[in-house]
Number of protein chains: 2
Amino acid sequence: MSDIALIETARDFNRFYTNFLGLLNKAYLDSPYTLTDARILFEIGSHDGVSATALAGDLHLDPAYLSRILKRFRTEGLIRTDPDPADLRSQIINVTDRGREEFEELGRRANAQIAARFDTLASGEPEAAVSAMHTIRALLDPTAKPAPAIIRAHRAGDIGWIIQSQSRFYTEEYGWDLRFEALVAEVAGKFLANFDPALEYCWIAERGGINVGSVLVTNGGDGIAKLRLLYVDKSARGLGLGKLLVDECIRFCRQKGYSELQLWTNDMLETARAIYVKTGFRLVSEERHRMFGPEANGQNWVLAL
Amino acid sequence: MSDIALIETARDFNRFYTNFLGLLNKAYLDSPYTLTDARILFEIGSHDGVSATALAGDLHLDPAYLSRILKRFRTEGLIRTDPDPADLRSQIINVTDRGREEFEELGRRANAQIAARFDTLASGEPEAAVSAMHTIRALLDPTAKPAPAIIRAHRAGDIGWIIQSQSRFYTEEYGWDLRFEALVAEVAGKFLANFDPALEYCWIAERGGINVGSVLVTNGGDGIAKLRLLYVDKSARGLGLGKLLVDECIRFCRQKGYSELQLWTNDMLETARAIYVKTGFRLVSEERHRMFGPEANGQNWVLAL
DNA sequence: TGATTTTGTTGACTCAGTCAACTAAATGCA
DNA sequence: TGCATTTAGTTGACTGAGTCAACAAAATCA
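Residues numbered from 1 in each chain as written. Chains lettered and ligands numbered in written order. Predicted model: local features only at pLDDT ≥ 70, side-chain atom pairs only at ≥ 80, totals over all residues. Heavy atoms only, no water.

Undergrad: Tell me what's going on with the protein's contact with DNA strand D, and back it up with residues and numbers.
TA: Around DNA strand D sit 21 residues in total, of which T36 and Y65 of chain A together with T53, R68 and R89 of chain B are the nearest. Atoms of DNA strand D within 4 Å of the protein belong to the sugar or the phosphate in 67% of instances, the rest to bases. A distance of 3.2 Å separates a base oxygen of DNA strand D from a polar atom in the side chain of R68 of chain A. One nitrogen or oxygen atom from the main chain of Q91 of chain B is found 2.8 Å from a phosphate oxygen belonging to DNA strand D. Of all the elements in the fold, those that place two or more residues in the surface near DNA strand D are α4 (63–75) and β2 (87–95) of chain A together with α3 (52–59), α4 (63–75) and β3 (87–95) of chain B. Tallying contributions element by element places α4 of chain B first for the surface near DNA strand D, with six residues. (Near = heavy atom within 4 Å. Polar contact = N/O pair within 3.5 Å; in protein donor to acceptor, adjacent residues only side chain to side chain. Helix = DSSP H or I, 4+ residues; strand = E, 2+ residues; numbered from the N terminus.)

So this is what it looks like as structure tokens:
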């Protein structure tokens, strides 16, 4: 794609998105706030204690204009301003309880707008859209810091996601065939079917509402736990999520009184192997196999707890 | 019902992009045109011969406001308007040579803006951003015509997708619990593990590279085939995809010499039931159950082939 | 110490955008 | 056919979002 075509496409997208945002922002019309009001209220609500100058800078607003809006907010009891003891020219802006209520109401309304849009989409599409937004933002916003990842227990649909992401990854990267997806589906299906919350667990790493990693611990009997289906999506590598997930497994297994944690992996997964080494796993055996098409080197690792 | 984290992330992106577009649009300040002027000029310049009403609709502008702007453009010699011979109320708007010059100058300026942005990026990054813009647009722009749906055999990741979409759907719509995902994972996993291409099959309906439907036929032994996991995503309903998928199953089963096709479903799935009736299935038994939490009415349907 | 910069406020203004009322042509309907 | 209703576009009258210049008070610089 030539430079000019790229630029034209970007412009086209910008025209479309200008329109799209315009439509979304009509939502503020049935509240007493303008779009600018809402943006300011949002900024104050989420960064309590900013100064007027910082606010004007962030939102690219005229200081005079902002000053008037803040004055109005003050008389309406939405915000409180106190001079900054460190710089008496500067005013520290805080939301009052009423202000916070309004802020939250606006938030609810904005969320509903987007939820309504997302509702017309296929399952998986909102995730795709948000993931694309991440991409754009990461590229065009120099100040963007990646959203923090959270680790949580699995919920509806996550097991399917695990199977899908594992299968896609090994197929694309190593040319494994559908037998691998079958194995994963079996492991994951059995995990769900016999799920014993007292001794087993599934962790999902999520960033900005998008699944980016997984791992699960299953009960192998005789005090032995198995770590399975460790995965970190390529969009979230290098953040230490893999290590975090494995640490979580180890902590869980110790707490549940397991004596040993075992895992099976393949040697071309170097990042994973590094994590296993660092967390104290020991390689106990190795065998070449062709379980999924191409030849690979299966490895068994063990950690005494 | 979409995930809150997804929505928050999307809102965050929208705030960012509002800002970003605001900065880009400042570019128009050193021309005699406002942003609205520029949008109108662009629209006329690229779709010669539009009517004022169409223009107002496309750009979501007040007709009165637009009328005034067009009047100004006319006196400045940027456009020419002639009554539409087919409807004398309506005016056909065309750009004059001067108008086209201005339009192109604006275009050059907007391109330069974006080029400057892209210039600060690494090689490959502009392409990534534009590709992400495509993704968003395809998903959020209702006028972007939907790609036609196709039906194909399953491939890597599809079984995981089936589990995920089934689980999400039944959880969100009917409050079924994880036991359902476990059942689906088991069915789908067994299908993959014992997959016999001579007697079994999995169809995926796909649109624009995104999965929107599924169904599979498994061998039940004794000349009996089972139709399972029929699903059409809400974004693709009403296109007859469900019927198409079931027809495909029946054709396949006849060709493979099965004597009977059986399926199990639940009676609240009315669209599915309508398809089964229409394709000749007969309801043979029914039982209330609580297999997945809420009470439901399980049904067995049979089609003699 | 006095010159300069920074934070925020106020006065005065403009013009983008809205709303209601209207004309003229087209369409629907009995 | 003729009368009521709808649609395309225009104009008058208005509002209020946003801008610009000037200013006070505090902080910083040199």
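Undergrad: Describe the interface of chain B and chain A, with residues and values.
TA: Contact with chain B, which involves 78 residues of that partner, is made by 75 residues of chain A. Taking both partners together, chain B and chain A bury about 7200 Å²; carbon and sulfur atoms supply 68% of that area. Among the residues of chain B in contact with chain A, L6, R11 and L140 of chain B are the three that bury the most area, contributing 9% of the side total. Counting the contacts that link chain B with chain A gives three salt bridges. Where chain B touches chain A, the interface holds 21 residue pairs in polar contact (both at pLDDT 80 or more). Elements supplying a minimum of two residues to the side of chain B that touches chain A: α1 (4–25), α2 (35–46), α3, α5 (97–119), α6 (125–140), α7 (158–174) and α8 (178–193) of chain B. Counting residues per element, the side of chain B that touches chain A draws most heavily on α1 of chain B, at 20 residues. When the residues that make up the side of chain B that touches chain A are grouped by side-chain class, the tally is 41 nonpolar, 19 polar and 18 charged. (Contact = heavy atoms within 4.5 Å. Buried area = accessible area lost by both parts, 1.4 Å probe. Salt bridge = Lys/Arg side-chain N within 4 Å of Asp/Glu carboxyl O. Nonpolar A, V, L, I, M, F, W, Y, C, P; charged D, E, K, R; others polar.)

Undergrad: So what's going on with the packing of aromatic side chains? Residues and values would help.
TA: All told, the structure shown has 50 aromatic pairs over all chains when counted by the stated rule. Here Y33 of chain B and F73 of chain B contribute two aromatic rings whose centre-to-centre distance is 6.4 Å and whose plane-to-plane angle is 90°, an arrangement assigned as edge-to-face. With Y33 of chain B in the loop between α1 and α2 and F73 of chain B in helix α4, this residue pair connects regions lying 40 residues apart in the sequence. Its relative accessible area of 0% is what places F73 of chain B among the buried residues. With a centroid separation of 4.9 Å and an interplanar angle of 75°, the aromatic rings of W176 of chain B and F180 of chain B are classed as edge-to-face. Counting every residue linked through ring pairs, the aromatic cluster contains F13, F16, Y17 and F20 of chain A together with F13, F16, Y17 and F20 of chain B. (Phe/Tyr/Trp six-rings, centres within 6.5 Å; stacked < 30°, edge-to-face > 60°. Buried < 20%, exposed > 50% of the residue type's maximum accessible area, 1.4 Å probe, protein only.)

Undergrad: Which residues make up the protein's contact with DNA strand C, and what values do they have?
TA: Looking at DNA strand C, there are 21 residues lining it, with T53, R68 and R89 of chain A together with T36 and Y65 of chain B nearest. The sugar and phosphate moieties of DNA strand C supply 68% of its atoms located within 4 Å of the protein. Residue T36 of chain B places a side-chain N or O atom 2.7 Å away from a phosphate oxygen belonging to DNA strand C. Within the side chain of R68 of chain B, one N or O atom sits 3.2 Å away from a base oxygen of DNA strand C. Counting only elements with at least two residues in the surface near DNA strand C, the list comes to α3 (52–59), α4 and β2 of chain A together with α4 and β3 of chain B.

Undergrad: Tell me about α8 of chain B, residues and numbers included.
TA: Working note: α-helix, 3.6 residues per turn, so residues spaced by three or four point in the same direction. Relative to the 22 Å expected for 16 residues at 1.5 Å per residue, α8 of chain B spans 22 Å between its end C-alpha atoms, a close match to the ideal helical length. Elements in contact with the buried residues of α8 of chain B: α7 (158–174) and α8 (178–193) of chain A together with α7, β5 (201–207), β6 (210–219) and β7 (224–232) of chain B. (Expected span 1.5 Å × (residues − 1).)

Undergrad: Go over the side chain of E200 of chain A, please, and point to the residues and values.
TA: Along the chain, E200 of chain A falls in the loop between α8 and β4 (201–207). There is no salt bridge for the buried E200 of chain A, and the closest opposite charge comes from R228 of chain A, which lies 7.8 Å off by N-O distance. (Lys, Arg positive; Asp, Glu negative; His and termini not counted.)

Undergrad: Which residues make up the pattern of salt bridges, and what values do they have?
TA: Residues and elements named next belong to chain B. Taken as a whole and assessed by the stated rule, the structure comprises 36 salt bridges over all chains. Two residues, R15 and D12, come together in a salt bridge whose shortest N-O distance is 3.1 Å. One end of the pair is R15 and the other is D12, both in helix α1 and three residues apart, which spans about a single turn. A relative accessible area of 22% places R15 in the partly exposed class. For D12, a relative accessible area of 33% puts it in the partly exposed group.

Geometry only, nothing functional implied.
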